[in-house]
Amino acid sequence: MPEIHKGLEGVYIDESNISRVFGDEGKLTYRGYWIDDLAQHSTYEEVVYLLLYGELPDQEELDAFTNQLASHREISDTTRNVIDGMADAGPMDVLRTAVSSTAEATEGEFSVEENRQHGIEIIAKVPTILAYFNRVRNGEEPIKPREDLSHAANFYYMLHGEEPTEVQEHAVNTAMVLYAEHGMNASTFTAVTIASTQANMYSAVTGGIGALQGPLHGGATETVVDMLDDIGSADSVADWVDARIDAHEKIPGFGHRVYRSVDPRCAQFARVYQELVDEDGESARLELIETVHEYVVEEKGLGEKGIYPNTDLYSGTVYSALGIDPDLYTCMFTMARVAGWVAHVLEQWEDNRILRPRVEYTGEVGKEFVPVEER
Ligand SMILES: CC(C)(COP(=O)(O)OP(=O)(O)OC[C@H]1O[C@@H](n2cnc3c(N)ncnc32)[C@H](O)[C@@H]1OP(=O)(O)O)[C@@H](O)C(=O)NCCC(=O)NCCS
């Protein structure tokens, strides 16, 4: 019997230069740069450049790249028709199908630059797809993208019909920087597996979206907001968590395959949330989140098992303060993570070998075939 690696835990499929998750220390780098620095000081455009080209751009390169991204924001009639026809479907289903529909004349073999260009076009269009869908399903007039706004500000503008304040723009930007990349997680692995067959960038990214949809991966943010609504106030935290743990259910927003300490992105989400609250005085949820955190990790002792908060514990409250509907939270994650998928796909193609694992067959062999009419 071969050794089985259930959940592929601890299995290394390749080497990578894109990001490093320091699970025990709770740290993260993109291309060697600390996530705290990038979250506070970089635009999403700068981070996409870093992920796709391997190094931070100088001002001239950044300006050119920012313009290039902005020039691809428009979506085609084909994509608009796809979204119009799916106005009642789930947001992640729409996003997956709409992204797939952006592939035009993409059969054949492509150079590295052409593949990167396909990736850039997808990254540019995802915010437009999402904002367009949200407005159509709410019976509102879709808003065309603007090239003079940043990636983050333009998304907010297309979604809400007004430009964000600086604090709101920074919050959207930070959320996108924090979610842009995270090593070989389930959705990135899916995208890379598809790419390893030499399918195109559109198939790889579409597959990544499918994998991100699940509640064990990108779909957890929404359940955290439901949990916080359900708990209501700090006094009810103990009862709520106890009942959940007694029923052997997981607490949303906790646990991670790699982190054995607090996810470093939580502090950055908490910071931008506080800035949003300070700006518009909306009722703060940080205290409730921190009470849940302390109760689960310390009082219930889950910290001893390596279970700590992950970003989902915080990101939903940021999105909520930005007026974003809960069923779009996984799409927000997707909008950012597309960059990581594209970077990994390009890296896979630098030195490709088809990904083809094995399963150990444990069923029967040599059974007698009986014709259907005799069974
Ligand atoms: C993220 C997650 C899928 C990781 O899964 P995994 O690496 O396969 O970890 P496991 O499910 O094997 O968990 C290991 C142990 O910790 C416990 N555990 C893990 N996450 C937990 C949580 N959120 N609440 C309570 N207990 C948890 C498991 O019950 C298990 O306990 P056991 O050893 O007594 O059976 C898992 O922690 C989870 O479902 N978390 C909640 C959903 C979530 O926030 N997902 C987004 C992650 S970015």
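What you are looking at is a predicted structure, and each value in this text was computed from that prediction instead of being measured.

### Quick word on the packing of helix α6 (residues 112-137) against helix α16 (residues 329-350)
For step 1, the next point in the chain: Two elements in contact, α6 and α16, have axes whose closest approach is 9 Å; the angle formed by their N-to-C orientations is 175 degrees. Relative to α16, the element α6 lies roughly antiparallel. Where α6 approaches α16, its residues Val112, Asn115, Arg116, Gly119, Ile122, Ile123, Val126, Pro127 and Leu130 are matched on the opposing element by Cys331, Met332, Met335, Val338, Ala339, Val342, Leu346 and Trp349.
For step 2, the next point in the chain: Of the residues belonging to the contact of α6 with α16, the class tally is 14 nonpolar, two polar and one charged.

### Topic: α6
For step 1, the next point in the chain: The end-to-end C-alpha distance of α6, which contains 26 residues, comes to 37 Å, matching closely the 38 Å that a straight helix rising 1.5 Å per residue would cover.
For step 2, the next point in the chain: Along α6, the helix axis deviates most sharply at Lys125, where the bend reaches about 30 degrees; the proline Pro127 sits within four residues downstream.
For step 3, the next point in the chain: Of all 26 residues in α6, 19 are buried; the element is thus mostly enclosed.

### Topic: the pattern of salt bridges
For step 1, the next point in the chain: Under the defined criterion, the tally for this structure stands at 16 salt bridges.
For step 2, the next point in the chain: The residue Arg146 makes a salt bridge to Glu163 at a minimum N-O spacing of 3.1 Å. Of the two residues, Arg146 sits in the loop between α6 and α7 (151-160) while Glu163 sits in the loop between α7 and α8 (166-179), which places them 17 residues apart along the sequence.
For step 3, the next point in the chain: Judged by its relative accessible area of 43%, Glu163 falls in the partly exposed class.
For step 4, the next point in the chain: The salt bridge partner of Asp263 is Arg265, with a shortest N-O separation of 2.6 Å. Accessibility assignment for this pair places Asp263 and Arg265 in one class, buried.
For step 5, the next point in the chain: Put simply, Glu74, Asp77, Arg80 and Lys144 are held in one network by salt bridges that share partners.

### Things to note about unusual backbone geometry
For step 1, the next point in the chain: For Arg31, which is not glycine, the phi dihedral falls at a positive 50 degrees.
For step 2, the next point in the chain: For Arg31, the location among the structural elements is in the loop between β2 (27-30) and β3 (33-34).

### Some words on the site of the ligand
For step 1, the next point in the chain: In the neighbourhood of the ligand, 15 residues make up the surrounding shell, with Lys250, Ile251, Phe254, Arg257 and Lys305 lying closest.
For step 2, the next point in the chain: In this structure, Ile251 approaches the ligand through a main-chain N or O atom, which is 2.8 Å from a nitrogen atom.
For step 3, the next point in the chain: For the ligand, the accessible surface in isolation is 870 Å², of which the surrounding protein chains cover 65%.
For step 4, the next point in the chain: For the shell around the ligand, the per-class residue count stands at six nonpolar, five polar and four charged.

### With respect to the side chain of Ser315
For step 1, the next point in the chain: Looking at where Ser315 falls in the secondary structure, it is placed in helix α15 (residues 312-321).
For step 2, the next point in the chain: Looking at Ser315, its side chain comes within polar contact range of the side chain of Tyr179, at 3.0 Å.
For step 3, the next point in the chain: Other than its neighbours up to four places away in sequence, Ser315 contacts Tyr179, Thr221 and Phe269.

### Structural notes on the sheet that holds β3
For step 1, the next point in the chain: An order of β1-β2-β3 is seen for the three strands of this open sheet, with the pairing classed as antiparallel. Whereas interior strands pair on both sides, the edge strands pair on one side only; in this sheet they are β1 (19-22) and β3.
For step 2, the next point in the chain: Note that β1 and β2 share four bridges and pair antiparallel. Looking at the pairing, Ser19 lines up with Tyr30 of β2.

### Examining the packing of helix α3 (residues 59-71) against α6
For step 1, the next point in the chain: Interhelical geometry of α3 versus α6 gives an angle of 65 degrees and a closest axis separation of 8 Å. Of the possible angle classes, the one that applies to α3 and α6 is roughly perpendicular. The crossing of α3 and α6 is right-handed. Mapping the contact onto sequence places Phe65, Gln68 and Leu69 in α3 and Gln117, Ile120, Ile123 and Ala124 in α6.
For step 2, the next point in the chain: Tallied by class, the residues present in the contact of α3 with α6 amount to five nonpolar, two polar and no charged.

### Some remarks on the environment of Gln274
For step 1, the next point in the chain: For Gln274, the location among the structural elements is in helix α13 (residues 265-280).
For step 2, the next point in the chain: Spatially, the C-alpha atom of Gln274 lies 24 Å from that of Gly219, the residues being 55 residues apart in sequence.

### Things to note about the environment of Thr190
For step 1, the next point in the chain: As for its position among the elements, Thr190 is in helix α9 (residues 186-196).
For step 2, the next point in the chain: Between the C-alpha atom of Thr190 and that of Ala204, which follows or precedes it by 14 residues, the distance is 7.4 Å.
For step 3, the next point in the chain: Setting aside chain neighbours within four positions, we find Thr190 in contact with Gly207, Gly208 and Ala211.

### A word on the domain arrangement of the chain
For step 1, the next point in the chain: Split by domain assignment, the chain resolves into domain 1 (15-214 + 325-350) and domain 2 (220-321).
For step 2, the next point in the chain: Opposite the 29 residues of domain 1 that make contact, domain 2 presents 24 residues.
For step 3, the next point in the chain: Interface area lost by domain 1 to domain 2 is led by Leu178, Tyr179 and Tyr329, which between them contribute 29%.
For step 4, the next point in the chain: Seen at the junction of domain 1 and domain 2, the total is zero salt bridges.
For step 5, the next point in the chain: Elements that contribute at least two residues to the side of domain 1 that touches domain 2 include exactly β1, β2, α1 (35-41), α8 and α16.
For step 6, the next point in the chain: Tallying contributions element by element places α8 first for the side of domain 1 that touches domain 2, with eight residues.

About the thresholds
- Residues numbered from 1 in each chain as written.
- Predicted model: local features only at pLDDT ≥ 70, side-chain atom pairs only at ≥ 80, totals over all residues.
- Heavy atoms only, no water.
- Axes fitted to C-alpha atoms, helices over the stretch in contact; angles between N-to-C directions.
- Helix = DSSP H or I, 4+ residues; strand = E, 2+ residues; numbered from the N terminus.
- Parallel < 35°, antiparallel > 145°, perpendicular 65-115°, else oblique.
- Contact = heavy atoms within 4.5 Å.
- Nonpolar A, V, L, I, M, F, W, Y, C, P; charged D, E, K, R; others polar.
- Expected span 1.5 Å × (residues − 1).
- Bend = angle between axes of the 7 residues up to and from the residue.
- Buried < 20%, exposed > 50% of the residue type's maximum accessible area, 1.4 Å probe, protein only.
- Salt bridge = Lys/Arg side-chain N within 4 Å of Asp/Glu carboxyl O.
- Near = heavy atom within 4 Å.
- Polar contact = N/O pair within 3.5 Å; in protein donor to acceptor, adjacent residues only side chain to side chain.
- Areas by Shrake-Rupley, 256 points an atom, 1.4 Å probe, with all protein chains shown as cover.
- Pairing = 2+ DSSP bridges.
- Left-handed = near helix turned anticlockwise from the far one by under 90°.
- Domains from an automatic or database assignment.
- Buried area = accessible area lost by both parts, 1.4 Å probe.

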